[in-house]
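This is what each chain is made of:
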Amino acid sequence: MGSLNKMNFITRLSALCLRKIKMQQRHQSSRRPAVPLGSRILTDPSKVFEHNMWDHMQWSKEEEENAKEKAAENSLVKVQWEDQDKYEREASKYWNEFYKAHKNNFFKDRNWLFLEFPEILPEKKREELKTEERSSEHTKINSANSFSHKNEMFEKGEKYWKKNYGGGSTSVQGYVYNKNQAKSLTDNPQGKNCGEELGKLESFPGSDATYRILEVGCGAGNSVFPILKVLCNTPGTFLYCCDFASGAVELVKSHSSYNSAWCSAFVHDVCDDALPYPFPDEILDVILLVFVLSTIHPDRMQGVVNRLAKLLKPGGMLLFRDYGRYDTAQLRFKKGRCLSENFYVRGDGTRVYFFTKDEIWNMFNLAGLTEVQNLVDRRLQVNRKKKVKMQRVWIQSKFQKPLLLSLNNPEETSERHPYR
């Protein structure tokens, strides 16, 4: 009996150790994937269904021609003009209906943001995270060495590391400004020189911060809350987020992690230049524009980018990610859903445009921003259960506001923008 009890004890102890290691692996997987984004290369086509996503896919000329033909075919029949006008006028209604139906259950939290866009964080916070990752990696290696004699027991642990980064999510473009929420900020009904007027106020949300971020088209907060989780208790940081779907903003504000001390969510329509923001121009360090610009009518995109550029500090960064030309989502549209060239309407009334990197460069360059990164991200997304392969195409860009103005005349700049 004594030997049996001893064996039971050893079995239970081993099970506890295994559970502890798996919990550690789960914790690590919530912070970063086993394979960094952009480094999983498909070299053996027979292994295509071993992972959910493959990076840096190269298209053959035949594949490119097939994609062009499909896009040309599904754009032959255009949506009637009266319906196109309705989709433009009632855009906020369709997005409000979307969030009413799906709430915050449709899109996954964008935990990949800090891998693709480390510039979101203040430089000091970036260094802290790097130190934590190195320390965590060291702990993980030591733990693995301690149980090296039982490696065969943990072969299935890899599943806790796998992340599906597929499917470009679609956020909203902006919001209709809530005048009741900040009446004191809208004394200028024409919206003229609103940045100057706001700069004269003693305070505004985030006025005491030294590092400010704006997410345009925050949706239900799938970027907001991963950012707040990292920035919480980081002195001097503040996050603004806006959407023109009031239902989306309410979802953000009602979230248990929302804290007005660190974040200000507001309703705003970025297409309306006359609507002021609840903060002065040229105070933002970062603007996040992820799967947002594609929801706006192509004729209005340049005006939106121009206005956002004015919000950035000299040296501030605009981080962009959106749908690329001939993405699977574009090729799947049926005839009669095309609004104009490369611009479509979904069945729920929401719209989407598919960009080239040249279009993005031209747009951001005209707004006075300088390219830091501008690339086409081609990936192969795989549904292993259904054995389906999908060619995904996204555009990822980083553009910076030049420092030239502030360097030429720093005294004038600091006087005009005391909150910088």
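Reading the values: rules and limits
Residues numbered from 1 in each chain as written. Predicted model: local features only at pLDDT ≥ 70, side-chain atom pairs only at ≥ 80, totals over all residues. Heavy atoms only, no water. UniProt positions renumbered as here; feature names shortened; annotations may be inferred. Helix = DSSP H or I, 4+ residues; strand = E, 2+ residues; numbered from the N terminus. Buried < 20%, exposed > 50% of the residue type's maximum accessible area, 1.4 Å probe, protein only. Core = buried A, V, L, I, M, F, W, Y, C linked by side-chain atoms within 4.5 Å.

In the nomenclature of an unreviewed UniProt entry, the protein corresponds to tRNA N(3)-cytidine methyltransferase from the organism Mycteria americana. In its Sequence similarities (unreviewed entry) section, the UniProt record describing the protein reads: "Belongs to the methyltransferase superfamily. METL family." Entered under Function (unreviewed entry) in the UniProt record, the comment concerning the protein runs "S-adenosyl-L-methionine-dependent methyltransferase."

Peer 1: Please clarify how unusual backbone geometry should be interpreted in this entry.
Peer 2: Most peptide bonds take the trans configuration, and most residues that are not glycine carry a negative phi. For Glu282, which is not glycine, the phi torsion reads 55 degrees and is therefore positive. By the element assignment, Glu282 lies in the loop between strand E4 (263-267) and strand E5 (284-290). Look at Glu282 and you get buried, because its relative accessible area is 15%. The phi torsion at Asn342 lies on the positive side, around 65 degrees, for a residue other than glycine. When you line up the elements, Asn342 lands in the loop between strand E7 (338-340) and strand E8 (343-345). Of the residues examined, Asn342 reaches a relative accessible area of 9% and is grouped as buried.

Peer 1: Before we go on, may I ask you to explain the nonpolar core in this structure?
Peer 2: Side chains of a nonpolar character, in soluble globular proteins, are inclined to be buried together. Counting residues in hydrophobic clusters, the biggest one holds 43 residues, and the most contacted among them are Leu214, Phe279, Leu293 and Phe364. For this core, the secondary structure elements donating two or more residues are strand E2 (211-216), strand E3 (237-243), E5, helix H10 (298-311), strand E6 (312-323), E8, helix H12 (357-366) and strand E11 (388-400). The element that contributes the greatest number of residues to this core is H10, accounting for 6 residues. If you look at the next biggest cluster of nonpolar residues, it comprises 37 residues, including Tyr211, Val252, Leu288 and Tyr344.

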